[in-house]
Amino acid sequence: LAKTTQPISMDSYEGQEVNITCSHNNIATNDYITWYQQFPSQGPRFIIQGYKTKVTNEVASLFIPADRKSSTLSLPRVSLSDTAVYYCLVGERTNAGKSTFGDGTTLTVKP
Amino acid sequence: NAGVTQTPKFQVLKTGQSMTLQCAQDMNHNSMYWYRQDPGMGLRLIYYSASEGTTDKGEVPNGYNVSRLNKREFSLRLESAAPSQTSVYFCASSETTGRSYEKLFFGSGTQLSVL
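These notes cover the structure that comes with them. Treat the numbers as computed from the prediction; the structure is a model and nothing was measured. (Residues numbered from 1 in each chain as written. Chains lettered and ligands numbered in written order. Predicted model: local features only at pLDDT ≥ 70, side-chain atom pairs only at ≥ 80, totals over all residues. Heavy atoms only, no water.)

1. Observations concerning the packing of aromatic side chains
Using the following cut-off: Each Phe, Tyr or Trp ring (for Trp, its six-membered ring) is paired with any other whose centre lies within 6.5 Å, and the angle between the two planes then decides the class: stacked below 30 degrees, edge-to-face above 60, tilted in between. Segments assigned H or I by DSSP are reported as helices when at least four residues long, segments assigned E as strands when at least two residues long, and all are numbered from the N terminus. Three labels apply to residues, based on accessible area from a 1.4 Å probe with only protein chains included: buried if under 20% of the type maximum, exposed if over 50%, partly exposed otherwise in between.
For the coordinates displayed, the defined rule picks out eight aromatic pairs over all chains. Between the aromatic rings of tyrosine 36 of chain A and phenylalanine 46 of chain A, the centroid separation amounts to 6.0 Å while the plane-to-plane angle is 80 degrees, which identifies the pairing as edge-to-face. With tyrosine 36 of chain A in strand S3 (residues 32-38) and phenylalanine 46 of chain A in strand S4 (residues 45-50), the pair connects residues that are 10 residues apart, well separated along the chain. For tyrosine 36 of chain A, a relative accessible area of 1% translates into the label buried. With centroids separated by 5.9 Å and ring planes inclined at 65 degrees, the aromatic side chains of tyrosine 64 of chain B and tyrosine 89 of chain B adopt a geometry described as edge-to-face.

Laid out in structure tokens, this is it:
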């Protein structure tokens, strides 16, 4: 299983763009990259996933360079409600739950 | 559509007691998982079930047993609870399809304290 490394914490202010980078140097050819968001006292919630280049949905963008050894979650114009822990997972296409959760990045958005 | 439902939400046990955590999903997913999350840490996989009738160990299976009762339900049993099992337990499910990558859907968790 690919090991991931993320910053432990990040601070931002409302309205700013936040970029959280995840390193996964031993990513395998068939591995996908998925990001989850977790609020206190809740289970994680899926944000976005991708295999290469760029993926965008209504809440975030995911940038993956050609070597796929890292990925960046981009949150545009964050608000206080984006304060949460963000997890980067790298793993197989099937049996997603076997992917390893790291300790995540605690994002604190300040007014 | 309830998604993934876990019961109970809170539980206090004494060392040596046993209990079963229940999980049910109504999304017709094939795969189900049990995780534990200790304070300030990420989730660690205890057991998973890729399909009805199969179960496999995850990263931290010692002290736990599981039962995939049917496609909807996946229970986690602590036979003899220990203080080291004090944690928040999350159940999750995902759908195994032919091409798309799976997404995990989580329940709201069970806060377990073992005294």
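Now that the structure has been shown, we can carry on.
2. Observations concerning the state of the cysteines
All names here are of chain B. Keep this limit in mind: Two cysteine sulfur atoms form a disulfide, by the criterion used here, when they sit within 2.5 Å.
Tallied over the full model, the rule gives two disulfides over all chains. Here cysteine 23 connects covalently by a disulfide to cysteine 91, the sulfurs 1.9 Å from one another. The sign of the S-S torsion, about -75 degrees, decides the handedness of the disulfide formed by cysteine 23 and cysteine 91: left-handed. One end of the pair, cysteine 23, is in strand S3 (residues 19-25); the other, cysteine 91, is in strand S9 (residues 87-94), and 68 residues separate them in sequence. Assessed through its relative accessible area of 0%, cysteine 91 is described here as buried.

3. A few points about the pairing of S9 of chain B
Residue and element names in this part refer to chain B. So the rule is basically this: Pairing between two strands is assigned when DSSP locates at least 2 bridges connecting them.
In terms of residue burial, S9 counts as a mostly covered element, since eight of its eight residues are buried. Of the two faces of S9, the one holding Ser87, Tyr89, Cys91 and Ser93 and the one holding Val88, Phe90, Ala92 and Ser94 are both buried throughout. Bridge count for strand S4 (residues 31-37) against S9 is seven bridges, and the pairing is antiparallel. Across the sheet, residue arginine 36 finds its bridge partner in S9, namely tyrosine 89. Where S9 meets strand S10 (residues 105-106), two bridges bridge the pair, whose relative direction is antiparallel. When the sheet's bridge partners are listed, serine 93 is paired in S10 with phenylalanine 105.

4. Let's talk about the side chain of aspartate 31 of chain A
Residues and elements named next belong to chain A. The following threshold applies: This count recognises Lys and Arg as positive and Asp and Glu as negative, with His and chain-terminal groups excluded. A pair is scored as a salt bridge if a Lys or Arg side-chain nitrogen falls within 4 Å of a carboxyl oxygen belonging to Asp or Glu. N or O atoms closer than or at 3.5 Å make up a polar contact, with two conditions inside protein: a donor-capable atom paired with an acceptor-capable one, and, for residues adjacent in sequence, both atoms drawn from side chains.
The topology assignment puts aspartate 31 in the loop between strand S2 (18-23) and S3. Of the buried charged residues, aspartate 31 lacks a salt bridge, with arginine 68 as the closest side chain of opposite charge at 6.0 Å. At 3.0 Å, the side chain of aspartate 31 and the backbone nitrogen of alanine 28 are in polar contact.

5. Thoughts on the side chain of serine 31 of chain B
Residues and elements named next belong to chain B. Mapped onto the secondary structure, serine 31 falls in strand S4. The class for serine 31 is buried, based on a relative accessible area of 0%. At 3.1 Å, the side chain of serine 31 and the backbone oxygen of alanine 50 are in polar contact.

6. Observations regarding the pattern of salt bridges
It is possible for side chains bearing opposite charge to pair when their charged atoms get close. Under the counting rule described, the total for this entry stands at four salt bridges over all chains. Here aspartate 11 of chain A makes a salt bridge to lysine 110 of chain A, at a shortest N to O gap of 3.4 Å. Pair noted here: aspartate 11 of chain A is in strand S1 (residues 9-13) and lysine 110 of chain A is in strand S9 (residues 105-110), with a separation of 99 residues, a long-range link. You can call aspartate 11 of chain A exposed: its relative accessible area is 53%. On the accessibility criterion, lysine 110 of chain A (32% relative accessible area) is partly exposed. Taking the shortest distance from any N to any O, the salt bridge between arginine 44 of chain B and aspartate 38 of chain B comes out at 2.6 Å. Assessed through its relative accessible area of 23%, arginine 44 of chain B is described here as partly exposed. By sharing partners, the salt bridges in this structure join Arg36, Asp38 and Arg44 of chain B into a single network.

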